[in-house]
Amino acid sequence: CQQWVPTLQNRPKDKPFFLWLAAVDPHRPYDDTDSPIHSIDDARIPPYFPDNQKVREDFARYYDEIHRMDRYIGEVVETLDQEGLSENTVILLISDNGRPFPRDKTTLYDGGIKTPWIVKWPSKIKKASETNALVSSVDIAPTFLSLAGIESDGPWEGKNFSQTLTDPDYTFRDYVYAEDHWHDFEDYTRAVRTQKY
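Quick look at the structure, then.

1. What to know about the overall build of the protein
Helix and strand content of the protein: five helices and four strands. Secondary structure elements of the protein, listed N to C terminal, follow the sequence α-α-β-α-β-α-α-β-β. Oriented by its inertia axes, the alpha-carbon framework of the protein measures out at about 50 × 40 × 30 Å. Here the protein holds 197 residues, and the buried ones make up 29% of them.

2. Focus on helix H2 (residues 53–82)
Taking 1.5 Å of rise per residue, the 30 residues of H2 would be expected to cover 44 Å, and the 43 Å separating its terminal C-alpha atoms lies within 8% of that figure. Two or three places before Lys-54, at the start of H2, stands the capping residue Asn-52, its side-chain oxygen 3.2 Å from that residue's backbone nitrogen. Within two residues after H2, Gly-84 carries a phi angle of roughly 70°, on the positive side.

3. A short note on the packing of aromatic side chains
By convention here, two paired aromatic rings are described through the distance between centres and the angle between planes. The full count for this structure, using the stated rule, is 12 aromatic pairs. Ring geometry for Phe-161 versus Phe-172: centroids 6.4 Å apart, planes at 80°, classification edge-to-face. Here Phe-172 lies in the loop between helix H5 (163–166) and strand S3 (176–182) and Phe-161 lies in the loop between helix H4 (140–147) and H5, a separation of 11 residues in the sequence. Judged by relative accessible area, which is 2%, Phe-161 ranks as buried. What makes Phe-172 buried here is its relative accessible area of 6%. Taken together, the ring pairs connect Tyr-48, Phe-49, Phe-59, Tyr-62, Tyr-63 and Phe-101 into an aromatic cluster. Cation over ring: Arg-28 sits above Phe-101, and NZ or CZ is 4.8 Å from the ring centre.

4. Overview of unusual backbone geometry
Peptide bonds are trans in most cases, and residues, glycine excluded, mostly fall at negative phi. Going from Asp-25 to Pro-26, the amide bond is cis rather than trans, its omega being -15°. Looking at where Pro-26 falls in the secondary structure, it is placed in the loop between helix H1 (4–9) and H2. With phi around 70°, Arg-103 is a residue other than glycine that occupies positive phi space. On the secondary structure map, Arg-103 appears in the loop between strand S1 (91–94) and helix H3 (110–113). Given a relative accessible area of 38%, Arg-103 falls into the partly exposed group. For Ala-128, which is not a glycine, the phi torsion comes out positive at approximately 65°. If you trace the backbone, Ala-128 turns up in the loop between strand S2 (117–120) and H4.

5. Topic: the pattern of salt bridges
Inspection of the entire model under this criterion finds 11 salt bridges. Taking the shortest distance from any N to any O, the salt bridge between Arg-193 and Asp-110 comes out at 2.8 Å. Of this pair, Arg-193 sits in strand S4 (residues 186–193) while Asp-110 sits in helix H3; the two residues are 83 residues apart in sequence, bridging distant segments of the chain. Via salt bridges that share partners, Asp-25, Asp-34, Glu-65 and Arg-68 belong to a single interconnected network.

6. So, a nonpolar patch on the surface
On the surface, Tyr-175, Tyr-177 and Val-192 cluster together into a nonpolar patch covering about 350 Å² of accessible area. Inspection of the secondary structure puts Val-192 in strand S4.

7. Here's the deal with the side chain of Thr-79
If you trace the backbone, Thr-79 turns up in helix H2. Leave out the neighbours within four places in its chain, and Thr-79 touches Val-5, Leu-8 and Gln-9.

8. Points about H4
Structurally, the α-helix is built with 3.6 residues per turn, so residues lying three or four positions apart point the same way. Within the sequence span of H4, burial applies to Ile-140, Pro-142 and Thr-143. A positive backbone phi angle near 80° is found at Gly-149, which sits one or two residues after H4.

Calculation rules
Residues numbered from 1 in each chain as written. Predicted model: local features only at pLDDT ≥ 70, side-chain atom pairs only at ≥ 80, totals over all residues. Heavy atoms only, no water. Helix = DSSP H or I, 4+ residues; strand = E, 2+ residues; numbered from the N terminus. Buried < 20%, exposed > 50% of the residue type's maximum accessible area, 1.4 Å probe, protein only. Expected span 1.5 Å × (residues − 1). Polar contact = N/O pair within 3.5 Å; in protein donor to acceptor, adjacent residues only side chain to side chain. Phe/Tyr/Trp six-rings, centres within 6.5 Å; stacked < 30°, edge-to-face > 60°. Lys NZ or Arg CZ within 6 Å of the ring centre and 35° of its normal. Salt bridge = Lys/Arg side-chain N within 4 Å of Asp/Glu carboxyl O. Patch = residues over 30% accessible without salt bridge, like charges linked within 9 Å, V, L, I, M, F, W, Y side chains within 5 Å. Areas by Shrake-Rupley, 256 points an atom, 1.4 Å probe, with all protein chains shown as cover. Contact = heavy atoms within 4.5 Å.

See the structure below:
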């Protein structure tokens, strides 16, 4: 993450740009080099976990990892602000999987497939707006190409979700599909998710 801002600053200044910035945070094993800033009292324990000291400590360290990642994201946003690029830059913050906890990561429960999905685009998206639209990571490529004014017929499994950015009530999909195939062992499972089920 220390290379995110230098990478942004070293891009060709006279061209549109696309950056894919990947973080290890929040990921196990947790990096304890920073002083802890979250306490066990900050932990919000899902109902399927025992609410005890050990679990709360684990969640507090997880929050510290998120905080560190958020700091690096903030540095990128600040750099975009300083360069006058924020209004016309789309930022998509996503996770490749759920939280690193049992019944979350590598599962097809909501804790494993309902991952962070935050979009920032000040000139187009109303601040603090929310949508319950079902979207999938396969929708990113066709959407970003469309936002960049590039027409492409694919081949895509995904669809352009850009209408949901300005119309949060727009029904984009009726279903999303999820899969788990391998992480530490083979696990060929599939799921279909709707708004209700």
